[in-house]
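Below, each chain spelled out in residue letters.
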Amino acid sequence: MSDYKLTALAALDGYQKSFEGAALEEQIDLAIVSIAVPLGGTEALSKALQESYGASLPKVGEISLSKDGQTRFLGMGNDQMFAIFDHPGADAAKLVAENLKDTGYYTLQSDNWTGLKISGPKCRRALERIIPIDLDPAAFPEGNVARTVMEHLAVIVLRDDENSFLLIAASSSAGSFLHAVETSINNIT
Amino acid sequence: MTQTNRIAGGLVERSKTVNFSFNGKSFQGHPGDTLASALLANGQRLMGRSFKYHRPRGVLSAGSEEPNALVQLRTGAHQEPNTRATVAELFDGLEATTQNHRGSLETDYMEVTDLFSRFLSAGFYYKTFMWPKSFWEKIYEPIIRHSAGLGRISFEADPDIYDKGFLHCDLLVVGSGPAGLAAALAAGRSGARVIMADEDFLLGGRLNAESLEVDGMLGSQWAAKACAELATMDNVRLMPRTTIYGAYDHGVYGALERVTDHLPSSNGKPRQILWRVYSKRAILCAGATERPIAFGNNDRPGVMLAGAVRSYANRWAVSPGKTVAVFTNNDDGWRTASDLSRQGVTISAVIDTRDGQPRAQIPGATVAMGGRLMDTSGRKGIHTIKLVDGRTISADCLAVSGGWNPNIHLTGHQRGRPAWREDIAAFVPGADLPPGMAVAGAANGALTLAAALKEGRAASDQALADLGMTPKGGEEAKAEDEAAGITAFWHVGESRARAWLDLQNDVTAKDVKLAHRESYRSVEHLKRYTTLGMATDQGKTANMLALAIMAECTGKSIPETGTTIFRPPYTPIPMGALAGRSRGKDFRPYRLTPSHKWAEEQGAVFVTTGMWLRAQWFPLPGETHWRESVDREVIGTRKSVGICDVTTLGKIDIQGRDAAEFLNKIYVNGFAKLAIGKVRYGLMLREDGMAMDDGTTARLGENHFVMTTTTANAGPVFRHMEFCRQCLWPELDVHLISITDGWAQLAVAGPNARKLLQKIIDPDHDISNEAFPFMACGELTVCGGITVRLFRISFSGELAFEISVPARYGDSLTRALMAAGEEFDVVAYGTEALGVMRIEKGHAAGNELTGQTTAANLGMGRMVSKKKDCIGNTLSERPALNTEDGLRLVGFRPVNRTQDLTSGAHFIARGKEAVMDNDEGWMSSVTFSPELGHSIGLGFIKSGQERLGEVVRAVDLVHGKDIEVEIVSAHFVDPEGERLRV
C-alpha cells in the first residue's frame, strides 16, 4: 500500500457567496457523464433509460428527469446526452454504465466542467449581461437546456428553478468563468 | 446677472439650482437642462471654434445632430472630447471646456487661417505641400497633423468600466415621440414584450419641445402620462439615454445605454452598457432632423435651427435671444415665431422664401414673403441680418428652417436605399428595409402629429399581427395635424460671403461647386473630396443641402443624385463601450492546469500557450538566468527523473463499433489492428496532403480509444474529426468528446521514472518492463484505489510514462509525486526543458508542423500507408510534393561549436549569394543541448537525408548572422532509442 493519499480539489474550492439579490455557489458534487447513442441503438438506449431511470430520451435542448428526480438527462446533441446528478466520487461513469449496460457509450465528464448555480430575484438581470440567449421563463422554462457562449467561454445553461440557473463551463477556465458571473452580479447591484 | 434668457414654463426643475463651470467660469442652471440650454439661459452664445478656420460658433441645434457646440466634458482621466453640449445633461459640478482654439475661446490665434481660406478650400492638401519633397514627412505632415483633429484625449487610461448585455423582445420601438409612444402603448397593452429606447433622457421626443396638444392636454403632459402607464407594465422595458445605433442581421440592434454620464461619478459601476437587442419586430420611430438654408455667413453664433429655438423655449424655458428672426421655406418655421411671441419674446422678422400670404399673425414682426437672406453681421454673435433686397433687420437670434429630414439612417444599414418624396422635399425609407423593421411617424415622412400617432399605432398592430398576437391597444390618442407645407429652397445664390454647409468640417457651398468643377460629382466622391459629412455628426444637418447643390450643378434631380450610404453607429460610441470587459487581464479567459497552484508556489515562470498558462521553467533560489534553470531541469531529468504537466495537450475520447476504422481514415498509419493496451504514434494530414497534427492514440478497449493532439491543435483536430464523422462518414458508429480538461496528465521521465511511479501505484499492478513495455497503456489504481490511466510514451527520449488522473486529483498527484520523488532528486520541468529534450531527440513539434510541410518532408513518407485510404492520402501524392530533392527534416550543428544557431535562418551553400534563388531550406527549431554542450537545431533542407556531413551556411539576415553548420542526424541523443525500452 502506498504511503501517499490523494485528495480531491474542486476547481473553485467550493466557492459560495451571497450578494444583494443574488447568490452564487459552485456545485462541487455535480457528476456529469456523457452518454453517446450508438448508431442504430436509439431504441435500445431509450428502453434501458426507461427501465432503469424511468426517463425518456431527451431531444436536443430538452431535459428529461428520472422518476426519482435525482438524475437529469440533458439533450446535448443528436446522438449525445449528459447525465447529471449529485455524486461526490470520480466513478460516476461506472455508475451510469452499470445502469444502462452496453446500450450506450459512456465518458466521465465531471472534472471537465465546473458548475455554478446562480439564484435570487436579481439573477436574470445579472445573466442578461453575459448570456446571449433569452432566459425569460416563457422562452426558457424548466426542462430546457442550451449551449451558448459568454465572455469567450462555452457554457451550458439550464433553468434550475423560477429564479435560479445552473451554468456549466470548462473547468480549466473556472477562474475566468467565476469572474465573469461575479462581475455581472457586481455590475447590477 | 444669471440666466437672463429664462422665460416662463418649460420642463426644468426651477426649484433646484445646479452649478457648473464653462471654461473656468461659474454658471447656474436647473435639473433638466442640457449644457447648451443652460449656457443659452445665461446668455452665452459663443460655444466653440470651427475645425479648419477657427470661426466663432454657437449652438445650432438642440439634439445629437449638433455640429458646433462640442466641448471637452470633465477633467483628468475622465475627460472626453467632442461632447455635444446639446445632449450633455447638466449635473452639479459639471466642468466643460471648449476645444480647438489657441488662446481663449474669445481670442483664438488660429483664426488667422480664416484669412487664408482661399488657399485652404476643399482638397487643398492634394494640391499643395509638394515641394520640396523632403519637407512633406518632416515638416508639412507633422504641422498639419498637429493642427488637425477635433479635441484632445487625456492620454490616460479610461478609469471607467463598461459592460455589455443581451436583451430580447417581441417589439423594439426606436424613439419615444408620438409615433413611438403610440406603438409602445398599443403593444404593451396587448401583452407583447416591448423595449422602447430613446437617446434622450426625457422620453417623449418632440412632444416635449412643442406646444401642440394630444388628448386635450399639452403634448409633454400626455407623454409623461403614457410613460407612467408603460412603466407599470412588467412586459415593457423603458430605456431612456439609450441610442439604438445600428440595425444588424436577424433583427439584432446595437444599443448604447449611457448609465452614469449624467451623474458626477459612476461610483465603480459601469458607465455605459453596449446592448445587443434581439427583436422579433422593430418599429423605427426616430423622428426627423431639421436642415437649414445656406446663405452668406450663416454659421455665426446666434444662427440656429428653428425647431431647436422652439425646443429651447418650450422644453427648457430659454429664449436664445432677445430679438429673434425667422428664415424659413415652410410652415413649420412660423410656429417658432408664434410660440416665442406668445411667450413675450420680440420677433423682429419672419422671412419666408415662398410667395403668398403670411402663415400667421406675429405682432411686431417684419414679414417678408418671397424674401431671402444673404448675410449676417456680428462675428462672435449676430446682431443684424441682411436681406437680398438690401434691407437689414436687427436680430440676435436667427431661427432657420429649410425643412425636415426623416431620420432614416437605420433603414439603410443593410444597404437599403431611400426614396424621394417631392411633397415634403425629403428622403424617406425606401422599399428595402432590414427584415422585421417597419417605420412610423416623422421618420417615415409623416411629419405631423396626428399622422405620427396614427402610424405608430398602425405599425404596432401590424407587427403584433405578424407575430400571431392579438392587438389590444385600447383607445387611440387624439390630436390634430399642424400645417406642414414646404417649397424646396436650399441656398441663396445671391450670397457673396461663404455659405456654410458642413459646420463641423468647415465645408461651404463653394467647396461643393469646386468638387463639381473638378469632376468629383457623385455624392460618394463629393463626400470624400470635400470631407462633407465625415465629421462626428456625419453631416446630419449638411448632407441634404450639399447634394441639392450638387444636383443643381449637374442638372440632375435630387433623387437621381442620391445619398451616401448610412452605416452604424448613428452617433459616436466610446471605444471603452466597444471593449466592454475585454481589457487588460480580462481580455480573454485563462486556462490553468491542475498543477498551476503548486507551480505558482514553486515560483514558476509562466508562458501563455493560446489561453493556457504553462510553467516555462522553475527557477530555484540563486538562479539568475533562465538557462541555468532549464539546463538544470534537462540534466536532472536525463540523469534521474523529472515531472512535467502535459495536461494541455488535447485528449479526445473516441468510442464506437467503428472507432478503429475511423482512426484508420484519420491517421496516415494503420490503427485498425492496434491491440488493446497499446499506444501508437499517429500523424494526420489535411485534405490537401499537408501534415496537420500528430499525437498518440491509446486503445483502452475494443471500442474505446483516447487520442492526444498537440496543445494548439486540440480544438481544430476535434472540429476536423467531428466534421469527418458527421458529414463524411455518417454510416460509421463513432463518437467523440473532449476530455482535455477533465484529466490531469503528468509526464514522468528519466531512468528512475518507473521506481518513482512504483511508490504510488497500488501493489496489485505490475509496471515492470515485461508487464508494461514501451508503448503500453492501461487503467490502474494509485494511492489506495484512485483510478488512473498510465501510458508508456516518451517525448523526452528517456524511460518515460504519462500518468493521467481525474483533474480533481491533479494538484494532489503532483505533490505526491514530488514528495515521493525526493529520494530520486526529482526535478519539476517546464515547457522550455520539454522543448530542449524533444529537439535533442529530433521529434517534430509545432515549428515543424507548420501546415506547409508534408509527411515526406518530416521523414515520415513511408508511414503513409498505401494499403488504406486516409484524409490527404491522394493529394499527398502530388508530384510537386514528391520531388527527388524535396525538403527533409534533419539536424544541424554549428561547425564552430561556440556559436549559437538561430531558428528561422535559411540554408545557403558556401560561396553562394544569400538570395531567394539559392535558398535550400530553413532552420525550424534550435536549442542549447546540455548533454552535448553546444547549440543544436532541426531544420528542413533539400535532400537532407543524403547530405549528412555536408557543411552549409545558416543565414539570418534579420540579425545579420551567417554561420557554417554541418548537416547531421536529427537524433542527437540516444539515437538508437535504447533508453526508451529499459
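Calculation rules
Residues numbered from 1 in each chain as written. Chains lettered and ligands numbered in written order. Predicted model: local features only at pLDDT ≥ 70, side-chain atom pairs only at ≥ 80, totals over all residues. Heavy atoms only, no water. Helix = DSSP H or I, 4+ residues; strand = E, 2+ residues; numbered from the N terminus. Rg over C-alpha atoms; globule rule 2.2 N^0.38 Å. Buried < 20%, exposed > 50% of the residue type's maximum accessible area, 1.4 Å probe, protein only. Phe/Tyr/Trp six-rings, centres within 6.5 Å; stacked < 30°, edge-to-face > 60°. Lys NZ or Arg CZ within 6 Å of the ring centre and 35° of its normal. Pairing = 2+ DSSP bridges. Axes fitted to C-alpha atoms, helices over the stretch in contact; angles between N-to-C directions. Contact = heavy atoms within 4.5 Å. Patch = residues over 30% accessible without salt bridge, like charges linked within 9 Å, V, L, I, M, F, W, Y side chains within 5 Å. Areas by Shrake-Rupley, 256 points an atom, 1.4 Å probe, with all protein chains shown as cover. Salt bridge = Lys/Arg side-chain N within 4 Å of Asp/Glu carboxyl O. Buried area = accessible area lost by both parts, 1.4 Å probe. Polar contact = N/O pair within 3.5 Å; in protein donor to acceptor, adjacent residues only side chain to side chain. Nonpolar A, V, L, I, M, F, W, Y, C, P; charged D, E, K, R; others polar. Domains from an automatic or database assignment. Arc of directions from axis to C-beta.

Of the regular secondary structure elements, chain A holds 4 helices and 11 strands. Taken over C-alpha atoms, the radius of gyration comes to 17 Å for chain A, in line with the 16 Å a tight globule of 189 residues would show. Overall, the C-alpha framework of chain A stretches about 55 × 50 × 30 Å when taken along its three principal axes. By the burial criterion, 55% of the 189 residues in chain A qualify as buried.

Before going further, it helps to examine the packing of aromatic side chains. All names here are of chain B. Using the criterion set out here, one finds 23 aromatic pairs over all chains in the structure. Ring centres of F20 and F27 lie 5.7 Å apart, and the angle between their planes is 20 degrees; this geometry places the pair in the stacked category. For the pair Y126 and Y529, a centre-to-centre distance of 5.8 Å together with 15 degrees between the ring planes defines the contact as stacked. Taken together, the positions of Y126 in helix α2 (residues 124–127) and Y529 in helix α10 (residues 523–530) put the pair 403 residues apart, joining distant regions of the chain. The exposure class of Y529 is buried, given its relative accessible area of 5%. Members of the aromatic cluster, joined through ring pairs, are F124, Y125, Y126, F129, F135, Y140, Y520 and Y529. The ring of F201 carries R315 above its face, with NZ or CZ at 5.0 Å from the centroid.

This part takes up unusual backbone geometry. In this structure, the amide linkage connecting W131 of chain B to the following residue, P132 of chain B, adopts the cis form with an omega of -10 degrees. Inspection of the secondary structure assignment puts P132 of chain B in the loop between α2 and α3 (135–147). Backbone torsion omega between P568 of chain B and P569 of chain B reads 0 degrees, so that peptide bond is classified as cis. Position of P569 of chain B among the secondary structure elements: in the loop between α12 (558–561) and α13 (575–579). With a phi close to 55 degrees, K101 of chain A is a non-glycine residue in the positive phi region.

A separate point is the pairing of strand β48 (residues 934–942) of chain B. All names here are of chain B. Burial runs high along β48: 8 of the 9 residues are buried. With 6 bridges connecting them, strand β45 (residues 887–894) and β48 associate as antiparallel partners. Note on β48: the bridge partner recorded for G891 is L938. For strand β47 (residues 921–929) and β48, the ladder comprises 8 bridges, and the chain directions are antiparallel. Opposite G921, over in β48, you have I941 as the bridge partner. Joining the antiparallel neighbours β47 and β48 is a turn of 4 residues, in which G933 adopts a positive phi near 80 degrees.

Okay, the sheet that holds strand β1 (residues 16–19) of chain A next. Residues and elements named next belong to chain A. Ordered in space as β1-β2-β8-β11-β10-β9, the 6 strands form an open sheet in which the pairing is antiparallel. Two strands close off the open sheet at either side, each with one partner strand: β1 and β9 (145–150). With direction set aside, neighbouring strand axes in the sheet form an average angle of 25 degrees. Relative to strand β11 (residues 164–170), strand β10 (residues 153–161) runs antiparallel, the two sharing 6 bridges. In the sheet register, I156 faces β11, and the bridge partner there is I168. Along the sheet face, helix α4 (residues 174–188) touches β1, β2 (22–26), β8 (113–119), β9, β10 and β11 and points at about 10 degrees away from the line of β8.

Attention now goes to a nonpolar patch on the surface. Residues and elements named next belong to chain B. Taken together, V112, L115, F116 and F119 make up a surface patch of nonpolar side chains, about 460 Å² in accessible area. One can find F119 in the loop between β7 (94–98) and α2. Given a relative accessible area of 60%, F119 falls into the exposed group.

Our focus in this paragraph is the environment of G944 of chain B. All names here are of chain B. For G944, the location among the structural elements is in the loop between β48 and β49 (951–956). By relative accessible area, which is 0% here, G944 ends up buried. Counting along the chain gives 87 residues from G944 to N857, while the straight-line C-alpha distance between them is 9.3 Å.

With that out of the way, let us pick up the interface of chain B and chain A. Opposite the 60 residues of chain B that make contact, chain A presents 52 residues. On the chain B side of the contact with chain A, F166, R581 and R808 of chain B bury the most area, a combined 18% of that side's loss. There are 6 salt bridges connecting chain B and chain A. A salt bridge links D136 of chain A to R193 of chain B, with the nearest nitrogen and oxygen atoms 4.0 Å apart. At the junction of chain B with chain A, the criterion picks out 35 residue pairs in polar contact (both at pLDDT 80 or more). Of all the secondary-structure elements, those providing two or more residues to the side of chain B that touches chain A are β8 (162–174), β15 (272–284), β31 (591–592), β35 (651–655), β39 (735–738), β42 (786–791) and α19 (810–820) of chain B. When the residues that make up the side of chain B that touches chain A are grouped by side-chain class, the tally is 29 nonpolar, 12 polar and 19 charged.

All names here are of chain A. The domains assigned to chain A are domain 1 (16–28 + 111–188) and domain 2 (30–110). A separation of 23 Å is found between the C-alpha centroids of domain 1 and domain 2. Between domain 1 and domain 2, the residue contacts involve 15 residues of the former and 14 residues of the latter. Carbon and sulfur atoms make up 57% of the area that domain 1 and domain 2 hide from each other, which totals about 1,300 Å². Among the residues domain 1 hides against domain 2, the three largest losses belong to W113, V145 and R147. Together they make up 36% of the total. Counting every contact that joins domain 1 to domain 2 gives 1 salt bridge. Between D160 and R72 there is a salt bridge, with its nearest N and O atoms 3.0 Å apart. Counting the contacts that link domain 1 with domain 2 gives 11 residue pairs in polar contact (both at pLDDT 80 or more). Elements supplying a minimum of two residues to the side of domain 1 that touches domain 2: β8, β9, β10 and β11.

This part takes up the sheet that holds strand β17 (residues 303–305) of chain B. All names here are of chain B. Reading across the sheet, the 5 strands line up as β17-β24-β18-β19-β20 and stay open at both edges, with parallel pairing between neighbours. In the strand order of this sheet, the two ends are held by β17 and β20 (366–369), each with one partner. Taking the axes of each pair of neighbouring strands and ignoring which way they run, one obtains an average angle of 20 degrees across the sheet.

Let us look at helix α2 (residues 92–100) of chain A. Residue and element names in this part refer to chain A. Those residues of α2 not exposed but buried are A92, A93, V96 and L100. For α2, the angular spread of buried residues about the axis comes to 100 degrees, placing them on one side. Those residues of α2 that are buried are in contact with β3 (30–36), α1 (42–53), β6 (80–86) and β7 (105–108).

All names here are of chain B. Taken as a whole, this structure holds 71 salt bridges over all chains when the rule is applied. Here D114 and R55 are joined by a salt bridge, their closest N and O atoms 2.9 Å apart. With a gap of 59 residues between them, D114 in the loop between β7 and α2 and R55 in the loop between β3 (48–49) and β4 (56–57) connect regions that are remote in the sequence. You can call R55 buried: its relative accessible area is 6%. Notably, a salt bridge pairs R686 with D688, separated by 2.8 Å at the nearest N-O pair. Accessibility expressed as a relative area gives 29% for R686, which makes it partly exposed. One connected set of salt bridges, linked through shared partners, spans R55, R57, D114, D299, R498 and D506.

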